Amino acid sequence: MQSVTTSQDGEILVLSVNNPPVNALSWHVRQGISDGIEQGLKDDSVKAIVIRCEGQTFIAGADITEFGKPPQGPDFNAVLNTIETATKPVIAAIHGTALGGGLETTLVCHYRIAVPSAMLGVPEVKLGLLPGAGGTQRLPRLVGIEQAAVMTSLGEPISAQKALDTGLIDKLAGEDSLAADAVAFARECVAKGPRHTRDLPVKGDTSIIAKLEAENARKWKGFDAPYANLRCVAAAAENPNIEDGLKFERAEFVKLMSGSQSAAQRYMFFAERQAAKIDGLPKDTKLRDIKKVGVIGAGTMGGGITMNFLQKGIPVTIVEMVQENLDRGVGVIRKNYEASAAKGRYTSEQVEKMMGLLTPSLNLEDLADCDLVIEAVYESMDVKKEVFGKLDKICKQGAILASNTSYLDVNEIAASTSRPQDVLGMHFFSPANVMKLLEVVRGDKTADDVLATAMAIGKKIGKIAVVAGVCHGFIGNRMLSQRQIPANALLMEGASPEQIDNVFTDFGFPMGPFQMADLAGMDIGWHRDTSLEPTNVREAMCLAGRFGQKNGKGFYDYDEKRNRTPSPEALAIIEDFRSRSNMQKREISDQEIIERCLYPMVNEGYLILEEGKAQRASDIDVVWIYGYGWPVYRGGPMFWGDLEGAKKIVESLERQGVKVAESLKAKAA
Ligand code: 3H9
C-alpha cells in the first residue's frame, strides 16, 4: 500500500496521506509528500496542490517510533521546505487532529481549511519536546505570541473555530464535504498565489510568558520542556529574521531530544497505551454490556467511584447501611459537582442530570438489576466475604462483581460466591473521581470477558487501567510498603521527616512519605488503647494526639490553610522514641535516603514481574505515575531503575541486606 497517493481534480492535484492508525509522518509519508509536491510543480496542468488525509485524522505528528533510530528517508525539515517554497499554492485540508509535526506541515502550506470538528495543536511538550520543525517560530507569526505561548507550553489543542478566530486557519469546510470544499478553496487560491507564514511579522506581547510560568509553577516543577517551548516563542518575538529563531529552536529541540526527560515521557506515551492490552486475550473478546452500576458504600471511596459513572451518563444505585451515612455520601457528591459547576466545569442543568442518574438505597436487593457492582466497604475480609455472599444471591446472572479492596485476596473474596468467574478487583485511588489509575485485579478464576469488560469500562470513565495479579497490595501498594519500611527506619536512625520528605519532593513527587501519612491520617488502624506502650513512632504520635492534617498536628504542625512547618513536639517524640529504642542518631545523606527508599521498590517491581503479578515492566511504571505521583519525566520506577543501572542497585541492596530479585541480579551480571 502506498502511504501517499495522488489524484487530479481539474487543475488541482490532491495528495492523500494514508498511514494508519494516525497518519504519522513516517519516512515513507515524508517521501510521498515530497514526491507529490515535486510532481505537482513539474506538471503544467496543475495550478494548486491539496494535502489531505484518509482515515480518522489528519497527520497526528512525527512518527514517535522513529525517534532515536538511524534516520531514513528525507529529512522532515527538507520536506517542509519543499512545501513552503513551492511556486504553486499548497492547501492543507484538515479533519480529525492536526498535531505536532502534522500542524507544522500545515504551517508551511500556503492556506489552511478545516472541518468544524477538527482539533489543532502542538502537544510535543507532553513528550518532553517542542515543535522543532519551525512550529515555535511559525505559530506566533500566525496566531500571535500569547496564543502560541499557551499552545506550545500547555500542549492542548484548539478547536477549528478557535483556529479560525486566531488566524491559524483560513476557512471552515462543511463537516462532510472537506474534499470538495478544499478543492474549491484551492481554485480560489490559484489567483492569489503562494503565501508564506514565515514572512508575517510576529504580533503580540511576551509578558504572557512570565504569567504562564507563574501560573504553572507547581505543575511544571522539575520539567524542562514547558520552559524550552516558551524560550523559543520568546525567540520568535526577539528575532525578526525567522532563520535566527529557527536556529535557536533547533538547538533547544536537540537538547530536549537527547535528554532523559523526553526519553521518559515518550516511553510513557507508549506504556500508557500498552497497559490497555491484555496478554493472551483475543482483541475481539466480546464485552459484557454495562448499562447500570451498583456501588456499595457511600463513604469517600464509594462516592468518588460513583461520580466517575454519573459523569459518563451511566446510572448508579448507591447502597449504604444507615440513612445518615447515605444522606451524607449523596450530599458530598452533590457538593463536589456544585463546586465544579461554580468553576464553570458544569452547568446547573448538567449537575441535576447527573444527580438524577443516582439512586440512593439502604437495600442491597436494589442491586438486582445492575450489570456491574463495585463494593467499597470497610477493608476487612470477613465483611467483604459477607457482602459478596449476599451479592451472589441478589445479583442477576452475568453481573460483574468487583471489590475495591486495596490489599485483600480477591480469590478468597471470589470463593465466597458461587460465581468466581464473575468476580475481580477494581482498585480505585483516592480521590477516586480525580485519580487516573485503576488497578484491575484478575483472580485465578476471573473470566476473560469479565477482565476485558472491566478494562474497557475503566477506559470509558477516563481511567488508565492496568491489569494486576492477586497478591498483598497488588502492584502499587505492595511496592509502597517497600518504601515505607525504610523511610520509618531512617527516621529512627537520625533523618528528620522534613529531610526525607524534601528528598522525595526534590526527586519530583508531590509529597514525601510523612506528608502523605499526615494527609491520610495517622490514626487509621490505630488501636486507640492509651494504656499500651507505643510500638512505633506512628503510635507514639497518635498517643500524643497528633493525628495529621485533620487536627493540625502530625509529623508537622499545620496552620488553618494547611501550610506545614516542622514540629518541635513531633521531633521530640521521635527523639524520645529513638532513645527508648537505644538507637544512635547519625547523619544521613540524601543519597542514602534515595537508595534505601527507592531501590527496594525497584527490586519489588522485579519480584512482581517474576511472579507474573504484572504483565510488563511498563505497567508498573504506569501504576506509579498515575496512582502515586512518580514524576513522569523520570519514567516510573522500572524505567528509572534502568537509568540508575541494575549493577549499582544490586550492590546497594546487598549492602542494605535486602533479598535481591533473581531477574534483577541477572540484569546486573
Ligand atoms: C512531533 O511531531 C515532533 C515534531 O515537532 C517534529 C520535530 C522535528 N507516532 O492514542 P491512540 C499510535 S512529536 C507513532 O490510542 P486515539 C499509538 O501508539 C509528535 N505512533 O488513538 C497507538 O498505537 P497502538 C506530536 C503513534 O484515537 C495508535 O497510534 N504528536 C503516534 O485515542 C492509536 O493511538 C503527538 O504527540 C505517533 N505520533 O488518539 C500526538 N500517535 O494501537 C500523539 C499515535 O499500537 N498522538 N500513535 O497502541 C495522540 O495524541 C493520539 O494518538 C491521537 C489519537 C489524538 C492522535
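Residues numbered from 1 in each chain as written. Predicted model: local features only at pLDDT ≥ 70, side-chain atom pairs only at ≥ 80, totals over all residues. Heavy atoms only, no water.

Within an unreviewed UniProt entry, the label attached to the protein reads 3-hydroxyacyl-CoA dehydrogenase NAD-binding domain-containing protein, and the organism entered is Sphingorhabdus buctiana. Word for word, the UniProt comment on the protein under Catalytic activity (unreviewed entry) is "a (3S)-3-hydroxyacyl-CoA + NAD(+) = a 3-oxoacyl-CoA + NADH + H(+)". The record in UniProt for the protein states the following under Pathway (unreviewed entry): "Lipid metabolism; fatty acid beta-oxidation." (UniProt positions renumbered as here; feature names shortened; annotations may be inferred.)

Caption draft 1: Geometry of the site of the ligand. Residues in contact with the ligand amount to 25 residues; listed here are only the nearest, Ala 62, Glu 104, Glu 124, Arg 273 and Lys 277. With respect to the ligand, the backbone of Ile 64 contributes an N or O atom lying 3.0 Å from a nitrogen atom. Taking Lys 277, its side chain carries an N or O atom lying 2.6 Å from an oxygen atom of the ligand. Taken by itself the ligand offers 1,000 Å² of open surface, and the protein chains cover 71% of this. Of all the elements in the fold, those that place two or more residues in the shell around the ligand are strand S5 (97-99), helix H3 (101-108) and helix H11 (260-275). (Near = heavy atom within 4 Å. Polar contact = N/O pair within 3.5 Å; in protein donor to acceptor, adjacent residues only side chain to side chain. Areas by Shrake-Rupley, 256 points an atom, 1.4 Å probe, with all protein chains shown as cover. Helix = DSSP H or I, 4+ residues; strand = E, 2+ residues; numbered from the N terminus.)

Caption draft 2: Seen up close, the sheet that holds strand S8 (residues 158-159). Strand order in the open sheet made by the three strands is S5-S7-S8, with mixed pairing throughout. Edge positions in the open sheet fall to S5 and S8, since each of these has one partner strand only. Inspection of the sheet shows S5 paired to strand S7 (residues 119-121) by three bridges, in the parallel sense. Residue pairing across strands places Thr 97 opposite Met 119, the latter belonging to S7. (Pairing = 2+ DSSP bridges.)

Caption draft 3: Geometry of the nonpolar core. Among the nonpolar cores identified, the biggest contains 70 residues, and Ile 475, Phe 555, Leu 598, Trp 624, Trp 630 and Leu 664 are the most heavily contacted of them. No other element matches the nine residues that helix H23 (residues 590-610) contributes to this core. Residues Val 29, Ile 49, Ile 59 and Leu 80 belong to the second largest nonpolar core, which totals 67 residues. (Core = buried A, V, L, I, M, F, W, Y, C linked by side-chain atoms within 4.5 Å. Buried < 20%, exposed > 50% of the residue type's maximum accessible area, 1.4 Å probe, protein only.)

Caption draft 4: A look at the packing of aromatic side chains. Tallied over the full model, the rule gives 18 aromatic pairs. Each ring, one from Trp 220 and one from Tyr 227, has its centre 5.6 Å from the other, and the planes form 85°; the classification is edge-to-face. Owing to a relative accessible area of 4%, Trp 220 belongs among the buried residues under this scheme. For Tyr 227, a relative accessible area of 24% puts it in the partly exposed group. Their ring planes at 85° and their centres at 5.7 Å tell us that Tyr 337 and Tyr 346 sit as a pair that is edge-to-face. Here Tyr 337 and Tyr 346 have matching classes, each one buried. Members of the aromatic cluster, joined through ring pairs, are Phe 429, Phe 504, Phe 507, Phe 509, Tyr 599, Trp 624, Tyr 628, Trp 630 and Trp 640. Sitting above the plane of the Phe 269 ring, Arg 273 keeps its charged end 3.7 Å from the centroid. The ring of Tyr 556 is capped by Arg 564, whose NZ or CZ atom sits 4.7 Å from the centre of that ring. (Phe/Tyr/Trp six-rings, centres within 6.5 Å; stacked < 30°, edge-to-face > 60°. Lys NZ or Arg CZ within 6 Å of the ring centre and 35° of its normal.)

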